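Descriptive structure summary
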Amino acid sequence: MKDTFKHKGLRQQLVQVVKAKGITNNSVLEAIGKIPRHLFMDSSFLDHAYQDKAFPIAADQTISQPYTVAFQTELMQIKRGDKVLEIGTGSGYQTAVLCELGAKVYSIERQQELFKKTSKFLPKLGYRAKKLIFGDGYKGMVEEAPFKSIIVTAGAPFVPKPLLAQLDIGGRLVIPVGDTVQTMTLFVRKGPKAFEKTEFGEFRFVPLLEDKN
Ligand code: SAH
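Notes on the structure follow. (Residues numbered from 1 in each chain as written. Predicted model: local features only at pLDDT ≥ 70, side-chain atom pairs only at ≥ 80, totals over all residues. Heavy atoms only, no water.)

Another point: the packing of aromatic side chains. Under the definition given, this model contains nine aromatic pairs. Ring geometry for Phe 40 against Phe 121: centres 4.9 Å apart, planes inclined by 85°, an arrangement best described as edge-to-face. Here Phe 40, found in the loop between helix H2 (26-34) and strand S1 (55-56), pairs with Phe 121, found in helix H5 (residues 112-124); they are 81 residues apart in sequence, far enough to count as distant. Across the pair, exposure class does not vary: Phe 40 and Phe 121 are buried alike. (Phe/Tyr/Trp six-rings, centres within 6.5 Å; stacked < 30°, edge-to-face > 60°. Helix = DSSP H or I, 4+ residues; strand = E, 2+ residues; numbered from the N terminus. Buried < 20%, exposed > 50% of the residue type's maximum accessible area, 1.4 Å probe, protein only.)

Written out as structure tokens, the structure reads:
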């Protein structure tokens, strides 16, 4: 596992690209500038690690595009110490961004292979999520609720009710909703039964799979 000056230089260029696309949150930009994204990818894609693109990881899944990671993270408005839930651990890159921001991270992955690989890998880089579990993100993590924010990193055909129910009052759910194309959607919990919904642009994610195998 090597992180060279070349990688560091490419990473700073990536930060500029993401910034030029409209990301302004400095902590998010710093996290992207710090995390060795190439180490989260399969060797065949190493040369592409600092392009602003999604790439295949194991189990037919993808590591999200850095701009998308930054966009979603910015919407979460994380403060240090916030308890946050991630659905779709995948490569762990987004998990690492959340850790860099000082969040207490809980994350769920439904592909056994990725779950095992990423659970071993993240601590090697010094990223310690509070809990990584193998399970179904549609259910959230009821035993750890409520969360200050929840991020879904796969395309959801609909908004799972348990995720809304597991938000703190004032909490934020960032979720791409749709089948082939998704609309980035933010729900802010205003009260026990009141949610404010805001829609942003279109994104493309691998699907949030329903519990079947
Ligand atoms: N955050 C990841 C993105 C991975 S892609 C990263 O930065 O690499 C989306 C991930 O969601 C995949 O790993 C996929 O296996 C996972 N996923 C799909 N459906 C799921 C579900 N129902 N519950 C939990 N994870 C799910």
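Having seen it, we continue.
This paragraph deals with the layout of surface pockets. What the largest pocket holds in volume is close to 500 Å³. For the lining of the largest pocket, the elements supplying multiple residues, two or more each, are strand S2 (62-63), helix H3 (66-76), strand S3 (83-87), helix H4 (93-100) and strand S4 (104-109). When residues in the lining of the largest pocket are grouped by element, the largest group, three residues, is from H3. A volume near 290 Å³ is recorded for the second largest pocket. Lining the second largest pocket are 20 residues, and of these Leu 39, Phe 40, Met 41, Lys 117 and Phe 121 lie nearest its centre. Among the elements that make up the lining of the second largest pocket, the one with the highest residue count is H5 (seven residues). Here the lining of the second largest pocket is composed, by residue class, of nine nonpolar, five polar and six charged. (1 Å grid on protein atoms, 1.4 Å probe; cavity = no way out; pocket = protein on both sides within 12 Å on 5 of 7 lines; lining within 4 Å. Points joined across faces, edges and corners; volume = space filled by probe spheres on them. Nonpolar A, V, L, I, M, F, W, Y, C, P; charged D, E, K, R; others polar.)

Turning next to the site of the ligand. Around the ligand, the surrounding shell holds 27 residues, and the nearest of these are Gly 88, Ser 91, Glu 109, Gly 137 and Leu 209. Within the backbone of Gly 137, one N or O atom sits 2.7 Å away from a nitrogen atom of the ligand. At 2.7 Å, a backbone N or O of Leu 209 approaches a nitrogen atom of the ligand. With the chains in place, 100% of the 570 Å² that the ligand exposes on its own is no longer accessible. Judged by the fraction of its atoms near the pocket grid, the ligand is located in the largest pocket. Elements with a minimum of two residues in the shell around the ligand: S2, S3, H4 and S4. (Near = heavy atom within 4 Å. Polar contact = N/O pair within 3.5 Å; in protein donor to acceptor, adjacent residues only side chain to side chain. Areas by Shrake-Rupley, 256 points an atom, 1.4 Å probe, with all protein chains shown as cover. Sits in = over half its atoms within 2 Å of the grid points.)

Our next topic: the side chain of Asp 82. Position of Asp 82 among the secondary structure elements: in the loop between H3 and S3. In this structure, Asp 82 is buried with no salt-bridge partner, the nearest side chain bearing the opposite charge being Lys 79 at 4.7 Å. Reaching out from Asp 82, the side chain makes a polar contact with the backbone nitrogen of Lys 79 at a distance of 2.9 Å. Discounting residues that sit within four places of it in the chain, Asp 82 has contacts with Gln 77, Gly 102, Ala 103, Lys 104 and Lys 148. (Lys, Arg positive; Asp, Glu negative; His and termini not counted. Salt bridge = Lys/Arg side-chain N within 4 Å of Asp/Glu carboxyl O. Contact = heavy atoms within 4.5 Å.)

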